[in-house]
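Letter by letter, the chains look like this.
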Amino acid sequence: MTGPPPTAPTLLSRLTASRTRNRLASSVLPPPYPGMRLTAKRLLNFHLVRYQRARGHTKLLGYPLVVTLEATNVCNLKCPYCFTGAGEVARKRSMMPMPLFQRLMDELGAYMLHLEFYNWGEPLLNKNTPEMIRIASAKGVSTIISTHLSVPMDRSRAETLVSSGLALLGAALDGATQKTYEKYRAGGNLELVLHNLRLLVEAKQRLGSTTPRLCWGYHVFDHNWQEVELARKMASELGVEFSATKGWVAGPEWNDGGQFQFPVGTAPERCRYLWTQGVINNDGGVAPCSATFYREDDFGSVEQTTFKEVWNNDKFRDARRMYRGRLLSQYGKSHVCHDCPYTIIWENYQHHLAQGFPSAKFNPGFTTNDWFNYFFSRRPGHNGAPKAT
């Protein structure tokens, strides 16, 4: 016998208990990155990092939870709002050497949760990318690549990528017609990208694999917003996910009427890159965040030393110290983080709270587009400090 149906109070108590369990799990467990294997080391590192970030510690005992690792800084397209696409050169064009990658995985692999195989280049131009993914995935690390996918691919290459253990592949495809698509993805071939997506879908089916998740990522601009719904329909027909986010531009932000959101926001918080996310470029240069490009703004290099030593050097500790007050910086305006909108937002937020104003009334004063422009307009020796909007 199943017994009488639960009463309203019983249902409410069950719902409340379920919500309590979910809140408890979210406060105790790391984010559920696809493909990430939770271990005691990862769990302890997660809580250590979160504790130190919450208290603004400058010397960190843990390792970053997320690592951005640049498989290459080479790209075959010329996207206008990308340093590489715009023709800027910050360091030698090259692929990350496998010995360097393996050394980084030996140091960081047991602690990180998630690994991004991209930054200022096209990751699939590095022939070793599938092997890198395989090594990271075998260690229980969640892996993702963001690719424009306008590269030669055949059935065998698609199967190699699918069988690597890759958790998520984001295909940057900003248009539903070639004419619209190529306005931003200059030099790209829409039909080639669609062909490659089909190859990957078919490879997953042949191999009986549920991974990688395939997502059509659409950066929305003033020139392509009319094709968003057509692209969404095309993605559905291909059998891939679809995500449309507002694209940032060089110069004044374009007005979309509030229809789309940037993939990252400008909430007042201690910069996640300085406490939770490491960025390592193709040549071993360690950057403060994924928005920096020039070698002159690197905080160090892992070519001859460990990541942990760089993670706690003077430049990193000085950047974290600014979240107690920018005047505490020993490097001043020469430090790339000094005039970053996120540093300024945090400082203004502390002043706001000190005056007794509620946090809900705080206006960051900067948009994500301002953050992008700060770095995009920056050159070695040039002060790219932004102005609040």
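Procedures and definitions
Residues numbered from 1 in each chain as written. Predicted model: local features only at pLDDT ≥ 70, side-chain atom pairs only at ≥ 80, totals over all residues. Heavy atoms only, no water. Helix = DSSP H or I, 4+ residues; strand = E, 2+ residues; numbered from the N terminus. Rg over C-alpha atoms; globule rule 2.2 N^0.38 Å. Buried < 20%, exposed > 50% of the residue type's maximum accessible area, 1.4 Å probe, protein only. Contact = heavy atoms within 4.5 Å. Areas by Shrake-Rupley, 256 points an atom, 1.4 Å probe, with all protein chains shown as cover. Polar contact = N/O pair within 3.5 Å; in protein donor to acceptor, adjacent residues only side chain to side chain. Pairing = 2+ DSSP bridges. Axes fitted to C-alpha atoms, helices over the stretch in contact; angles between N-to-C directions. Salt bridge = Lys/Arg side-chain N within 4 Å of Asp/Glu carboxyl O. Phe/Tyr/Trp six-rings, centres within 6.5 Å; stacked < 30°, edge-to-face > 60°. Expected span 1.5 Å × (residues − 1). Arc of directions from axis to C-beta. Right-handed = clockwise from strand over helix to strand, strands pointing away.

Student: Even after reading the chapter, I still don't get the overall build of the chain, so can you show me in this structure?
Tutor: When its secondary structure is counted, the chain shows 13 helices and 9 strands. On C-alpha atoms alone, the chain measures out to a radius of gyration of 22 Å, which is about the 21 Å that the 2.2 N^0.38 rule sets for 389 residues. Taken along the three principal axes of its C-alpha coordinates, the chain extends 70 × 60 × 45 Å. Within the span of the chain, comprising 389 residues, buried residues form 51% of the whole. Pairs at least 24 apart in sequence give 67% of the contacts found in the chain among residues at least 6 apart. When the accessible area of the chain is evaluated, it comes to approximately 18300 Å², of which 55% is carbon and sulfur surface.

Student: I keep staring at the environment of Thr39 and nothing clicks. Help me out?
Tutor: When you line up the elements, Thr39 lands in the loop between α1 (8-28) and α2 (40-54). Along the chain, Thr39 and Gly140 lie 101 residues apart, while their C-alpha atoms are 8.8 Å from each other. A distance of 3.2 Å separates a polar atom in the side chain of Thr39 from the backbone nitrogen of Arg42.

Student: Hey, could you run me through the sheet that holds strand β8 (residues 285-287) in this one?
Tutor: Sheet strands associate in pairs through backbone hydrogen bonding, adopting either a parallel or an antiparallel arrangement. Reading across the sheet, the 9 strands line up as β6-β5-β4-β3-β2-β1-β7-β8-β9 and stay open at both edges, with mixed pairing between neighbours. Looking at which strands have only one partner, the edges of the open sheet turn out to be β6 (241-246) and β9 (300-301). With 2 bridges connecting them, strand β7 (residues 277-280) and β8 associate as antiparallel partners. Paired with Ile280 across the bridge in β8 is Val286. Against the sheet, helix α4 (residues 129-138) contacts β2 (114-116) and β3 (142-147), and its axis sits at roughly 155 degrees relative to β3.

Student: Quick question: what am I supposed to make of the pattern of salt bridges here?
Tutor: Close approach of charged atoms allows side chains of opposite charge to pair. Under the definition given, this model contains 17 salt bridges. Of the charged contacts, one joins Glu229 and Arg232 as a salt bridge, the two residues approaching to 3.2 Å between their closest N and O atoms. In this pair, Glu229 and Arg232 both sit in helix α8 (residues 228-238), 3 residues apart, roughly one turn of the helix. Between Asp256 and Lys246 there is a salt bridge, with the nearest N and O atoms lying 3.5 Å from each other.

Student: Hey, could you run me through the packing of aromatic side chains in this one?
Tutor: Aromatic rings in a pair are described by how distant their centres are and how their planes are angled relative to each other. In the structure shown here, the tally under the stated rule is 27 aromatic pairs. Both rings, one in Phe372 and one in Phe376, keep their centres 4.9 Å apart while their planes meet at 20 degrees; by these two values the pair is stacked. Highlighted residues: Phe372 and Phe376, both in helix α13 (residues 368-376), separated by 4 residues, approximately one helical turn. A relative accessible area of 14% places Phe376 in the buried class.

Student: What is the right way to look at helix α7 (residues 190-207) in this model?
Tutor: Structural remark: α-helix, 3.6 residues per turn; residues separated by three or four positions point the same way. For α7, which comprises 18 residues, the first-to-last C-alpha distance of 26 Å matches the rise-based estimate of 26 Å (1.5 Å per residue) to within 8%. Regarding α7, the residues found buried are Leu190, Val193, Leu194, Asn196, Leu197, Leu199, Leu200, Val201, Ala203 and Lys204. Elements in contact with the buried residues of α7: α5 (155-162), β4 (168-172), α6 (178-184), β5 (213-220) and α8. Where α7 begins, the capping side chain belongs to Asn189, and its oxygen is found 3.0 Å from the backbone nitrogen of Glu191. Of the residues one or two after α7, Gly208 is the one with positive phi, at around 65 degrees.

Student: Hey, could you run me through unusual backbone geometry in this one?
Tutor: In most cases, non-glycine residues show a negative phi, while peptide bonds are predominantly trans. The residue after Thr211, namely Pro212, is reached through a cis peptide bond having omega 0 degrees. You can see Pro212 is positioned in the loop between α7 and β5. Positive phi, close to 60 degrees, is recorded for Leu149, a residue that is not glycine. Position of Leu149 relative to the elements: it lies in the loop between β3 and α5. Leu149 gets classed as buried once you look at its relative accessible area, which sits at 0%.

Student: Quick question: what am I supposed to make of the pairing of β5 here?
Tutor: The side chains of a regular strand alternate between the sheet's two faces. Pairing of β4 with β5, which is carried by 5 bridges, proceeds in the parallel orientation. Bridge assignment links Ala171 to a residue of β5, and that residue is Trp216. Judged from the 6 bridges that link them, β5 and β6 form a sheet pairing that is parallel. Looking across to β6, one finds that His219 is bridged to Thr245.

Student: Where do I start with α5 in this structure?
Tutor: Burial in α5 covers these residues: Ala158, Leu161 and Val162. The arc that holds every buried residue of α5, seen down its axis, measures 100 degrees, which confines them to one face. The inward-facing, buried residues of α5 contact α4, β3, β4 and α7.

Student: Just to check I follow, could you spell out the pairing of β3 for this structure?
Tutor: Within β3, 5 of the 6 residues are buried, which leaves it mostly tucked inside the rest of the structure. Direction of pairing for β2 relative to β3: parallel, over a ladder of 3 bridges. In the sheet register, Glu116 faces β3, and the bridge partner there is Ile144. Handedness of the crossover is the feature at issue here: the chain leaves β2, passes through α4, returns alongside β3, and the resulting connection is right-handed. Pairing between β3 and β4: 4 bridges, direction parallel. Each residue of the ladder has a partner; that of Ile145, found in β4, is Leu169. Taken together, β3, α5 and β4 form a β-α-β motif whose crossover is right-handed.

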